[in-house]
Amino acid sequence: MFQKNDVVTVRIEHMGNNGEGIARADGYTLFVKDGLPGDLAEVKIVKAKKQYGYGRLMRILEPSENRVEPRCPLHQKCGGCQIQALSYKEQLRYKEEKVRGHLKHIGGFPEPPVLPVIGMEEPFRYRNKAQFPFGTDKDGRIVTGFYAGRTHSIVANTDCVLGAPENKEILEIILAFLEERKISVYDEKTGKGLLRHALIRKGFRTGELMVCLVVNGRSFPGADELADRLFAVPGMTSVTLNVNEKNTNVIMGTEILPVRGRTHIMDAIGPIRYRISPLSFYQVNPVQTEKLYQTALDYAGLTGTETVWDLYCGIGTISLFLAQKAEKVYGVEVIPDAVRDARSNAELNGIANAEFYEGRAEEVLPEMYEKKGIRADVIVVDPPRKGCDTACLETMLLMKPERIVYVSCDSATLARDLKILCAGGYKLEQVQPVDMFGQTSGVETVVLLSHKSTWKSTMLF
Ligand code: SAH
């Protein structure tokens, strides 16, 4: 049993699901942020429970053989990256094991068919989107950057090594403008102050840039002048305001007010062009997204005659990929702006066999199944982190598509949902993790399930 402030020497043995090091000392488990498996380190206990505790890495006595020099000097302070000090090859191995572990322990699959992670060629500067919070530092100066891990204190940084190089110039223009015009920034404690966040997005294929300022109000003083300066950045296409007057930690409100240029940018993945609005979801790593969607398309096994449902479809990215090879694709998405983007994306690409419904997947699908008796040969789902609602999973089981392709950004909820689908008649065929989030503990996964009626018949041959 250890006490707070004790300093102990331990060997880090494992890495937890959030990228934290895990060590054991006399049967006691210690979670050590920034500790890597193989490190021998002095750790100071910062929180001690009966059987486990949390420690801070004080000094590395013997570094792990997989330790590398991180590119960002702020990587330990900033909550954005968790495993930048781990070699990229080991990051991929860690992610494969994480997916396998979840499928085993949460999903109950003794030997899940997990393939090696599809890695990135260049695991830096890959993000096309970032949301920068604005606040003040301890000297009262206005800063922007990223939240420190598990808190809302801002680590000042305008040049994140995961983001587009243009972010720095854009943020510095905004910071200088705030200073010059004495424009206030939002204070979460008091609910006062104007500028909350800046959302910056870049179409990697088109070079188009979008800046959306999230404000606690309905206007921004000198917005035209600021737009002039922002439009001096090559590629700038869209400057908008987003109204968020609520005292909440949800970043964006629901209303977009145009300032200059279009209210969307364009980008492309594979052969399909996409229109992206500030409120729409769009994968943050476009290079890996192409590999992800190609895997989903391969798993869907389309021949041109199939009816496909794409649930949680966002701006129709996967739907339009699938529509090239299916007879008909139906997409379901809850965010109205995203549905609007999806419809115009279909039109823009001359795709006539994709149709989109606005609403919750767990409501739209059961309703359409009960009232209209809709059917599906293939269902693709790509839910947010919390996974699929049980009402959605139950309807999928009733619809009995031949194949289900599950795209997931959280392998724990994925495993939970796969357990339900496999108990309901599906077989886990293949699991392909794709690294969309290098330097972080996150991993994206595409899974193929087939209905037992199909796999029994194929087993006869
Ligand atoms: N398949 C898309 C989007 C995936 S992100 C792509 O690859 O780009 C998940 C999407 O699910 C988001 O667009 C989010 O708005 C949407 N969403 C969240 N909850 C939902 C629900 N209950 N029903 C339908 N869509 C939902």
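About the thresholds
In this convention, every chain numbers its residues from 1, walking through the sequence in written order. Confidence filtering applies because this is a predicted model: local features only for residues at pLDDT of at least 70, side-chain atom pairs given and counted only at 80 or more, and all residues used for totals across whole chains, interfaces and linings. Just so you know, side-chain values use all the structure's heavy atoms and leave hydrogens and water out. By definition, any uninterrupted DSSP run of H or I lasting at least four residues is a helix, any uninterrupted run of E lasting at least two residues is a strand, and each is numbered from the N terminus. Values of the radius of gyration come from C-alpha atoms, whereas the globule rule sets the reference at 2.2 Å times the count of residues to the power 0.38. Relative accessible area decides the class of each residue, using a 1.4 Å probe on protein chains only: under 20% of the type maximum gives buried, over 50% gives exposed, and in between gives partly exposed. Any two residues having at least one pair of non-hydrogen atoms within 4.5 Å are treated as being in contact. A pair is scored as a salt bridge if a Lys or Arg side-chain nitrogen falls within 4 Å of a carboxyl oxygen belonging to Asp or Glu. Count a disulfide wherever a pair of cysteine sulfur atoms falls within 2.5 Å. We call a residue near a molecule or strand as soon as one heavy atom of that residue lies within 4 Å of the molecule or strand. Polar contact is the term for a pair of N or O atoms within 3.5 Å; when the atoms are in protein, one must be able to donate a hydrogen and the other to accept it, and sequence-neighboring residues count only if both atoms are side-chain atoms. Here the Shrake-Rupley method, with its probe set to 1.4 Å, supplies the accessible areas, and only the displayed protein chains count as covering residues. Each residue is assigned to one class: nonpolar for Ala, Val, Leu, Ile, Met, Phe, Trp, Tyr, Cys and Pro, charged for Asp, Glu, Lys and Arg, and polar for all the others, Gly among them. The convention used is that axes are lines fitted to C-alpha atoms, helices contributing only their stretch in contact, and that angles between N-to-C directions extend from 0 to 180 degrees. Under this scheme an angle from 65 to 115 degrees is roughly perpendicular, one under 35 degrees roughly parallel, and one over 145 degrees roughly antiparallel; angles in between are oblique. Two helices crossing with the near one rotated counterclockwise from the far one by less than a right angle form a left-handed crossing, whereas a clockwise rotation gives a right-handed crossing. By the convention used here, strands pair only if DSSP detects at least 2 bridges between them. For the purposes of this section, nonpolar cores are sets of buried Ala, Val, Leu, Ile, Met, Phe, Trp, Tyr and Cys residues that join through side-chain atoms within 4.5 Å. What a helix is expected to span follows from its residue count: subtract one and scale by 1.5 Å.

1. Description of the overall build of the protein chain
In terms of helices and strands, the protein chain carries 10 helices and 21 strands. In terms of overall dimensions, the protein chain is globule-like: its C-alpha atoms have a radius of gyration of 24 Å, near the 23 Å expected for 461 residues. Its C-alpha atoms give the protein chain principal-axis dimensions of roughly 70 × 65 × 35 Å. Put simply, the protein chain has 461 residues, and 57% of those count as buried. For the protein chain, the proportion of contacts with a sequence separation of at least 24, taken over those separated by at least 6, is 64%.

2. Digging into the pattern of salt bridges
If the charged atoms of two oppositely charged side chains come close together, the side chains can form a pair. Summed over all chains, the structure comprises 31 salt bridges. Between arginine 181 and glutamate 180 there is a salt bridge whose closest N-O contact spans 3.9 Å. Its relative accessible area of 46% is what places glutamate 180 among the partly exposed residues. In this structure, arginine 385 engages aspartate 410 in a salt bridge whose closest nitrogen and oxygen atoms are separated by 3.6 Å. Linking arginine 385 in the loop between β18 (378-381) and α8 (390-399) with aspartate 410 in the loop between β19 (403-408) and α9 (411-423), this pair joins segments that are 25 residues apart in sequence. What makes arginine 385 exposed here is its relative accessible area of 55%.

3. Quick notes on the state of the cysteines
Going through the model one piece at a time under the given rule, you end up with zero disulfides. Between cysteine 78, a cysteine without a disulfide, and cysteine 81, which holds the nearest cysteine sulfur, the sulfur-to-sulfur distance is 6.4 Å. Exposure remark for cysteine 78: the relative accessible area of 14% places this residue in the buried category. A disulfide-free cysteine, cysteine 81 has its sulfur positioned 6.0 Å from the sulfur of cysteine 160, the nearest such atom. Given a relative accessible area of 11%, cysteine 81 falls into the buried group.

4. Some words on the site of the ligand
Close to the ligand lie 17 residues, the nearest being Tyr293, Thr317, Glu333, Ala361 and Asp382. One of the backbone N or O atoms of tyrosine 312 is found 3.2 Å from a nitrogen atom in the ligand. Contact distances for the ligand include 2.8 Å between a nitrogen atom and a backbone N or O atom of alanine 361. Compared with its free state, where it exposes 580 Å², the ligand has 91% of that area covered by protein. Where the shell around the ligand is concerned, the elements lending two or more residues are α5 (317-323) and α7 (361-372). Classifying every residue of the shell around the ligand by side-chain character gives nine nonpolar, four polar and four charged.

5. Structural notes on the packing of helix α2 (residues 166-181) against helix α3 (residues 223-230)
Closest axis-to-axis distance for the α2/α3 pair is 10 Å, and the angle between their directions is 150 degrees. With respect to α3, the element α2 is oriented roughly antiparallel. Considering how the two elements wind past one another, α2 and α3 form a crossing that is right-handed. On the side of α2, the interface is formed by Ile170, Ile173, Ile174, Phe177, Glu180 and Arg181, while α3 contributes Glu225, Leu226, Arg229 and Leu230.

6. As for the sheet that holds strand β2 (residues 21-25)
Read around the closed barrel, the five strands follow the order β1-β2-β3-β5-β4; overall the barrel is mixed. In this sheet, adjacent strand axes meet at a mean angle of 50 degrees when their direction is disregarded. Examined bridge by bridge, strand β1 (residues 7-15) and β2 share three bridges and lie antiparallel to one another. Within the sheet, the bridge partner assigned to methionine 15 lies in β2 and is glycine 21.

7. Focus: the nonpolar core
Core analysis: the largest hydrophobic core is formed by 84 residues, its most contacted members being Ile174, Leu213 and Phe220. Among the elements that make up this core, the one with the highest residue count is α2 (seven residues). Excluding anything up to four places from it in sequence, leucine 213 contacts Ile174, Leu195, His197, Ala198, Phe220, Leu226, Thr240, Leu241 and Asn242.

8. Digging into helix α6 (residues 336-348)
An α-helix turns once every 3.6 residues. As a result, residues three or four positions apart point the same way. In a regular helix each residue adds 1.5 Å, so 13 residues correspond to 18 Å; α6 covers 18 Å between its end C-alpha atoms and thus fits that length. Those residues of α6 lying buried are Asp337, Ala338, Val339, Asp341, Ala342, Asn345 and Ala346. Looking at the buried side of α6, the elements it contacts are β14 (272-276), α5, β16 (328-333) and β17 (354-358). Downstream of α6 by one or two residues, glycine 350 has phi in the positive range, about 65 degrees.

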